[in-house]
Amino acid sequence: MMYTLQEFDSLLESDVIDIKQLKKYCFSGVPDEGGRRSLCWRLLLSYLPLIRSQWPETLNKKRAQYKQFVEEMVVSPARLSKLNHHVEDHPLNPNPDSQWGSFFKDNEVLLQIDRDVRRLCPDMMFFQRGTDYPCVAIVDDPEIERLHRRVTHSKLNSISVTRSRQGITKMEEVNRKMAAQDYQPLAAGSEAHWEVVERILFIYAKLNPGQSYVQGMNEIIGPIYYTFATDPNLEYREHAEADCFWCFISLMAEMRDVFIRTLDESASGIGAILERLMETLKLHDNQLWCRLNVLDLKPQYFAFRWFTLMLSQEFDLPDVIRVWDSIFSKTNHFDFLLHVCVAMMILQRDTLLTSDFAASMKLLQHYPPIDITIVLTKAMELQESTAETS
């Protein structure tokens, strides 16, 4: 849908946002200038209400609530080491209510988060740079141990045996040396963007103990945080951390089942989604579907990552953000994502129909450069066609 910049701005400045019209505009891509995308994503992810006069109250309430989470889950526990002189609570205390027990359990999750965020979007420098709005309660207090320091102190020399959801078993050293490409913390008084993302994910894990943190969530939160933290609107940029947290919460409420391993084979799990993916491919391109079956090229080998990471690893960040404009503008975000994935396969059909297993696997696991608008246009055609045949 074509629109002028004036029409787009007029819609965003309305007293009551016409969400149906906004979704139509956003599907075609949100203009990069003026922080429009940051505002649109807050609306599309149901963080901001549609009535403009309610924005200040909503923002103040949500940002204050997140600030309280930081105090309760990061700042206060960081003072735990000061309590070790109390006989009734110490690091070896077997009491399940021991604060030390909780501290060590948290660090098991934090170890994985820290490892992942130190390599977020390695093809760009943004996450290594310092934020203009660090958490003052942490960086200005020398007695507060920052999250990445907690991880450093809690690592143990041991070998961990892990089994991935693709069935791959591996052994890795928990107390590994920091890889050369890992981002390093900034000097005292400063805070890198990856440290901010680490705090958001840690708080999310604390609030969702049943699910906790799962590897890959860092790739979901990265583009959202980047979009908010580069907003030219200084107020929005200052509160990028809190706003990103709440938008991430909203998004995960829709897709959390794909991150829960015990639900993999359920109706809402990743197994059912991948089965539906292949059924949709069969509907639109039976020949290609047959070829993939002959090759025994299962969607778990490539599309598992496409779905769980929302294509964030398949394209460069600007293209990922553009894809997410369209995904967020759809009422059923992940139905459209499914059709994007089908479009990606069909657009490579000529190569896939003539390639062997190894070449086909390489192509789908390392998707070739493409004009992303071609993928989105094809996905929309497929979704409309699917609806007509349903």
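Predicted, not measured: the structure shown is a model, and the values here were computed from it.

Undergrad: Would you take a moment to explain empty space enclosed by the protein for this structure?
TA: It is the rolling of a water-molecule-sized probe over the atoms that shows where space remains empty. Evaluation of the coordinates by the stated rule reveals one cavity of 30 Å³ or more. Roughly 60 Å³ of volume is contained in the largest cavity. Around the largest cavity sit Val 74, Ile 138, Arg 146, Leu 147, His 148, Glu 191, Glu 195, Glu 198 and Arg 199, which together line it. The element that contributes the greatest number of residues to the lining of the largest cavity is helix 8 (residues 193-207), accounting for three residues.

Undergrad: Would you mind going over the layout of surface pockets with me for this structure?
TA: What the second largest pocket holds in volume is close to 570 Å³. Lining the second largest pocket are 25 residues, and of these Pro 134, Cys 135, Glu 238, His 239 and Glu 241 lie nearest its centre. When residues of the lining of the second largest pocket are traced back to their parent elements, those giving at least two are helix 4 (55-78), helix 6 (136-139), helix 8, helix 9 (217-229), helix 10 (234-238) and helix 11 (240-255). Looking at the lining of the second largest pocket element by element, the count peaks at seven residues for helix 4. Classifying every residue of the lining of the second largest pocket gives 14 nonpolar, four polar and seven charged.

Undergrad: What should I look at first to understand the packing of helix 1 (residues 5-12) against helix 3 (residues 36-44) in this one?
TA: Axes are the key here: two packed helices are described by the angle between their axes and the distance separating the axes. For the pair helix 1 and helix 3, interaxial distance at closest approach is 12 Å and the crossing angle is 45 degrees. Considered as vectors, helix 1 and helix 3 are oriented oblique to each other. The element helix 1 and its partner helix 3 pack so that their crossing is left-handed. Taking contact as the criterion, the partners of Leu 5, Phe 8, Asp 9 and Leu 12 in helix 1 are, on helix 3, Arg 36, Leu 39, Cys 40 and Leu 43. Of the residues belonging to the contact of helix 1 with helix 3, the class tally is six nonpolar, no polar and two charged.

Undergrad: I keep staring at the side chain of Asp 114 and nothing clicks. Help me out?
TA: Structurally, Asp 114 is set in helix 5 (residues 99-117). When its relative accessible area of 4% is taken as the criterion, Asp 114 is described as buried. Among the polar contacts listed, one links the side chain of Asp 114 to the side chain of Arg 118, at a separation of 2.6 Å. Apart from residues lying up to four places away in sequence, Asp 114 is in contact with His 148, Val 151, Trp 194 and Glu 198.

Quick notes on the rules
- Residues numbered from 1 in each chain as written.
- Predicted model: local features only at pLDDT ≥ 70, side-chain atom pairs only at ≥ 80, totals over all residues.
- Heavy atoms only, no water.
- 1 Å grid on protein atoms, 1.4 Å probe; cavity = no way out; pocket = protein on both sides within 12 Å on 5 of 7 lines; lining within 4 Å.
- Points joined across faces, edges and corners; volume = space filled by probe spheres on them.
- Helix = DSSP H or I, 4+ residues; strand = E, 2+ residues; numbered from the N terminus.
- Nonpolar A, V, L, I, M, F, W, Y, C, P; charged D, E, K, R; others polar.
- Axes fitted to C-alpha atoms, helices over the stretch in contact; angles between N-to-C directions.
- Parallel < 35°, antiparallel > 145°, perpendicular 65-115°, else oblique.
- Left-handed = near helix turned anticlockwise from the far one by under 90°.
- Contact = heavy atoms within 4.5 Å.
- Buried < 20%, exposed > 50% of the residue type's maximum accessible area, 1.4 Å probe, protein only.
- Polar contact = N/O pair within 3.5 Å; in protein donor to acceptor, adjacent residues only side chain to side chain.

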